[in-house]
Amino acid sequence: MKGSHEFKSRGGSDGIVVAKDMTNQEVVIPVIRAEFSSFRSIRVEVEGNPSIHWSLECDGKPLEIQQTEMHREEQFVIYELTVLEPVELECRYEVFGAGRSIRVVPDRLVRTEAFERKYRYEEKLGVWEEDDTYHFAVWSPVAEQIVCIVYDQDEQVLGRHKMERQEQGTYHLRLGQESAERWYRYEVTTYVGTHEVVDPYAHAISENGRYGVIADVEQTISEWFPKRVARPLFVKPSDAVIYEANIRDFTIDRSAGSSHPGQYAGVAERGTVSSRGHATGLDYLLDLGITHLQLLPVHFFETTDERTRSPYNWGYDPMLWFGLAGSYASSVAPLVRVREYADMVERLHEAGIRVTFDVVMNHVFVRERSSLEQLVPGYYFRYEVDGTLSNGTGVGNDTASERFMMRRLIVDCLTYFARVYRIDAFRFDLMGIHDIETMNEVRAALDAIDPTILVYGEGWDLATALPERFKAMSASAAQMPRIAHFNDVFRDALKGSTFSAYDRGFVAGDGWKEGEVRNGIAGSVHIDNQTYGRFPEPTYSINYVEAHDNHTLYDKLKISCPEADELQLLRMSRLAQTIALLAQGIPFLHAGQEFLRTKQGVENSYNASDEINRMDWERRDDHLSLVTYIKTILQIRRMHGGFRLHRANQVRELLRFINLRPGVIAYEVEAIHSYDAWQRTLVVYNTTHEIVEVSLDHSRWNVHVQGDDASVDPLLKGVDRIQVLPLSTTIATC
């Protein structure tokens, strides 16, 4: 292309080239961008129709450009500059045209396979103690320099230590024992500027996550707890009963009787009672019969001030993943939260309850301020093909788990909590944002620690910039062995659509959803001529009717069934819960659903008040009969293996549905072993408002569940006919 402009230099901002045209008038030609398209090529975009001679410098020294090619793309002229030697990203590269310079940035290069191959790093990151020395390692291939700034606890600078760049874009430092428990940040300089950041691998953090703390947390916990309590006995996933609670909600209300309301210590406190003398807190959970306590996020989250413990927030807005939330600790001192969380897990294990960690690594609260973005701009987050940020999470950013170092960060974080805090299960928030390979690597890494660790998550199909075949969603469950998925289809079939408050489910009389309920009862596995298969095994299905998100079951039923009185609402709730709890797969309860928990109709209470979110133990006392019923259903499930089938072939062999009438589901499940007390179990769910009678094949059946009553011992013996009351369950055995 022959040029029509003569260029000269003029003062101004980077990215502006000034030319004189044929009439000697100055023409401003903006350089839109200059970026590396590979390790040996630079792409320069110029607006207009200029012809420019380019030169290149690296850290102020001229570099030879081997070849220059030029072409047009719409209103831009594109220059492709090829260099002789591969570029090193810790250096500053600038292109010059007509004496004017513009910085060359690795904006898209960091998202290429070539970048991954060159800079993937597999050795230790973070801070650890070895040979009386603290070792620091941080990954930032694009950093020109990193300085570790050490602070005292009054945030006064004690020292600045330039870190040494080593292999694969890592920076390292060693400090002596005098640095113990001091605070630190990294001052990182990249092409976007200089920022102080908190180490994303910091295992201990100061109040509100402002600083990392120089401590070897793993070693410290080992010193605090030299003899760790063994993980509670757990044989197979279908033995699990998961109970989800928020740490604050669980004990914050006065009715909990806790000495540590809203804190880690409150979760593990024994001997607490309500004003009427009934057990609350941990003692209540033990009596209820759960196996796993799933706690809402304890990653550090930014929206609650740790000093004031306000405003309220669930914590699905993380900024640091290895550091713990301090708003649940008795003090904001950095190691207090570490000790109290570790002690809580120990006390729960001692009581026989396993602990689930809520993994929120699909996004960060504010990408622009995150350590990840400031250390390696553009790398850790997912982008659309047009260069805009992917937003499948709906909160402005999606982490790019398909990239090696983001995948490594996820695996490192989970194995750290499994190894150091001895966490027993991991629940993935918005798991469908992540990729299948990452989830399989998570499963394999946890298996190496303890194969009884559960992994499950929300396998929603989300609009993230990842090909559908790679998404870790429920439709791809067969590609993720031994990873379970929240069964939202079963949930909505039972109570009505989560996304339509007035939609009714099967228990509220919508017979069209009966087929989906049958599928859920069978663990969503395929049974010829009876169900279709959503999952390859029943243990891939997390069966639930309520979680922290959306309306509680009681509130949902009250909104969708305005004509129902309180007794009808109770019966519908009880029926929905029983169906889910006895279905093949893994049962899941949201704290308080067993006593008709209400959030006063608030659909999304993530930042509502304690008055809305609290566990109301007085309401529990008002509904003790319902709690006792649910407790007995869990006992029945635990005592009889037919409700805990582990394999799809067992479900197909031992479970069969019996056709009765619309609105009624009946099925029989046979015993696994010839020595089981219940060789045949008949379960009938009646969603109608009429009594249903069922004739049996002999007179040796015993009834254990009928109407308002449930018992591990027979309620009725030697019957050949059963009655199923309206909106209720009947279970008979022989």
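The present account deals with the structure reproduced in this document. Everything numeric here is computed off the predicted structure, so don't read it as measured data.

Attention now moves to the overall build of the protein chain. Along the backbone of the protein chain there are 17 helices and 38 strands. When its C-alpha atoms are laid out on the principal axes, the protein chain stretches across 105 × 60 × 45 Å. The 734 residues of the protein chain split such that 60% are buried. Of the contacts made within the protein chain by residues no fewer than 6 positions apart, 68% connect residues no fewer than 24 positions apart. When the accessible surface of the protein chain is split by element, carbon and sulfur atoms take 47% of a total near 28,200 Å². A gap of 2 Å separates the mean positions of the 79 positive and 108 negative side-chain charges of the protein chain.

Another aspect to go through is helix α12 (residues 553–560). Buried residues dominate α12, accounting for six of its eight residues. Inspection of α12 places Leu553, Tyr554, Asp555, Lys556, Leu557 and Ser560 among the buried residues, and these make up the whole buried set. Taken together, the buried residues of α12 touch α10 (488–495), α13 (566–582) and α15 (617–622).

Turning our eyes to something else, we now look at the sheet that holds strand β11 (residues 126–130). The strand order β11-β12-β16-β15 describes an open sheet built from four strands, whose pairing is antiparallel. The sheet terminates laterally at β11 and β15 (164–165), the two strands that pair on one side only. By the bridge criterion, two bridges tie β15 to strand β16 (residues 170–175) in an arrangement that is antiparallel. Considered in β16, the bridge of glutamate 164 is made with histidine 172.

Let's shift gears to unusual backbone geometry. The step from serine 310 to proline 311 runs through a cis peptide bond, and the omega angle for that step is -5 degrees. With respect to the helices and strands, proline 311 occurs in the loop between β22 (299–301) and β23 (318–324). Even without being glycine, aspartate 59 reaches a positive phi, approximately 50 degrees. Structurally, the position occupied by aspartate 59 is in the loop between β5 (54–58) and β6 (61–63). Located in the positive-phi region is serine 524, a residue other than glycine, with phi close to 55 degrees. Here serine 524 shows up in the loop between α11 (514–521) and β28 (541–543).

Okay, the packing of helix α8 (residues 404–420) against helix α9 (residues 436–449) next. Viewed as axis vectors pointing N to C, α8 and α9 meet at an angle of 25 degrees, and their least axial separation amounts to 10 Å. For the element pair α8 / α9, the angle class is roughly parallel. Taken as a pair, α8 and α9 cross one another with a handedness that is right-handed. Contact with α8, carried on its side by Arg407, Ile410, Val411, Leu414, Thr415, Ala418 and Arg419, involves Glu437, Thr438, Glu441, Val442, Ala445, Leu446 and Ile449 of α9 and no other residues of that element. A per-class count over the contact of α8 with α9 returns eight nonpolar, two polar and four charged.

A few words on the packing of helix α5 (residues 281–288) against helix α16 (residues 624–639). Across the interface, α5 lies against α16 with an axial gap of 9 Å and an inter-helix angle of 55 degrees. Viewed along their axes, α5 and α16 adopt a mutual orientation that is oblique. For the pair formed by α5 and α16, the contact residues are Tyr284, Asp287 and Leu288 on the first element and Val627, Lys631 and Leu634 on the second. Taken together, the residues of the contact of α5 with α16 break down into four nonpolar, no polar and two charged.

With parallel pairing, eight strands are arranged side by side around a closed barrel as β20-β21-β24-β25-β26-β27-β28-β29. Neighbour-to-neighbour, the strand axes of this sheet turn through a mean angle of 30 degrees, independent of strand direction. Bridge analysis of strand β20 (residues 242–245) against strand β21 (residues 292–295) gives four bridges, and the strand direction is parallel. Bridge pairing links tyrosine 243 to leucine 293 in β21.

Throughout the structure, instances matching the rule amount to 60 salt bridges. Aspartate 447 serves as the salt-bridge partner of arginine 443, at 2.9 Å between the closest nitrogen and oxygen. Taken together, the residues span about one helical turn, with arginine 443 and aspartate 447 both in helix α9 at a distance of four residues. Here arginine 518 ties to glutamate 514 by a salt bridge, and the two come within 3.4 Å at their closest N and O atoms. Of this pair, arginine 518 and glutamate 514 are both found in helix α11, four residues apart, which corresponds to roughly one turn of the helix. There is no split in this pair, since arginine 518 and glutamate 514 are both buried.

All right, on to the environment of isoleucine 423 then. Structurally, isoleucine 423 can be placed in the loop between α8 and β25 (425–428). A relative accessible area of 0% means that isoleucine 423 is categorised as buried. Each C-alpha atom, one on isoleucine 423 and one on arginine 231, is 8.8 Å from the other, the two residues being 192 residues apart in sequence. Aside from chain neighbours lying at most four places away, what touches isoleucine 423 is Arg231, Tyr341, Val345, Val355, Phe357, Phe417, Ala418 and Ile453.

In terms of nonpolar packing, the biggest core is built from 197 residues, with Phe136, Tyr341, Tyr421 and Phe426 touching the most fellow members. The element that contributes the greatest number of residues to this core is α8, accounting for twelve residues. Aside from chain neighbours lying at most four places away, what touches phenylalanine 136 is Gly126, Val127, Cys148, Met163, Tyr171, His172, Leu173, Leu175, Tyr184, Tyr186 and Ile214. Of all hydrophobic cores here, the second largest spans 17 residues; its members include Phe234, Ile433, Ile542 and Tyr544.

Burial analysis of α5 places six of its eight residues in the buried class, the great majority of the element. Immediately downstream of α5, the backbone of glycine 289 shows phi near 100 degrees, a positive value.

Burial along strand β30 (residues 655–658) is one-sided: the face carrying Leu655 and Phe657 is buried and the face carrying Arg656 and Ile658 is not. The sheet contact formed by β30 and strand β31 (residues 664–670) spans four bridges and is antiparallel. Across the sheet, phenylalanine 657 pairs through a bridge with tyrosine 667, a residue of β31. Following β30, the chain reverses through five residues before pairing antiparallel with β31; glycine 663 in that reversal takes a positive phi of roughly 85 degrees.

Reading the values: rules and limits
Residues numbered from 1 in each chain as written. Predicted model: local features only at pLDDT ≥ 70, side-chain atom pairs only at ≥ 80, totals over all residues. Heavy atoms only, no water. Helix = DSSP H or I, 4+ residues; strand = E, 2+ residues; numbered from the N terminus. Buried < 20%, exposed > 50% of the residue type's maximum accessible area, 1.4 Å probe, protein only. Contact = heavy atoms within 4.5 Å. Areas by Shrake-Rupley, 256 points an atom, 1.4 Å probe, with all protein chains shown as cover. Lys, Arg positive; Asp, Glu negative; His and termini not counted. Charge placed at Lys NZ, Arg CZ, Asp CG, Glu CD. Pairing = 2+ DSSP bridges. Axes fitted to C-alpha atoms, helices over the stretch in contact; angles between N-to-C directions. Parallel < 35°, antiparallel > 145°, perpendicular 65-115°, else oblique. Left-handed = near helix turned anticlockwise from the far one by under 90°. Nonpolar A, V, L, I, M, F, W, Y, C, P; charged D, E, K, R; others polar. Salt bridge = Lys/Arg side-chain N within 4 Å of Asp/Glu carboxyl O. Core = buried A, V, L, I, M, F, W, Y, C linked by side-chain atoms within 4.5 Å.

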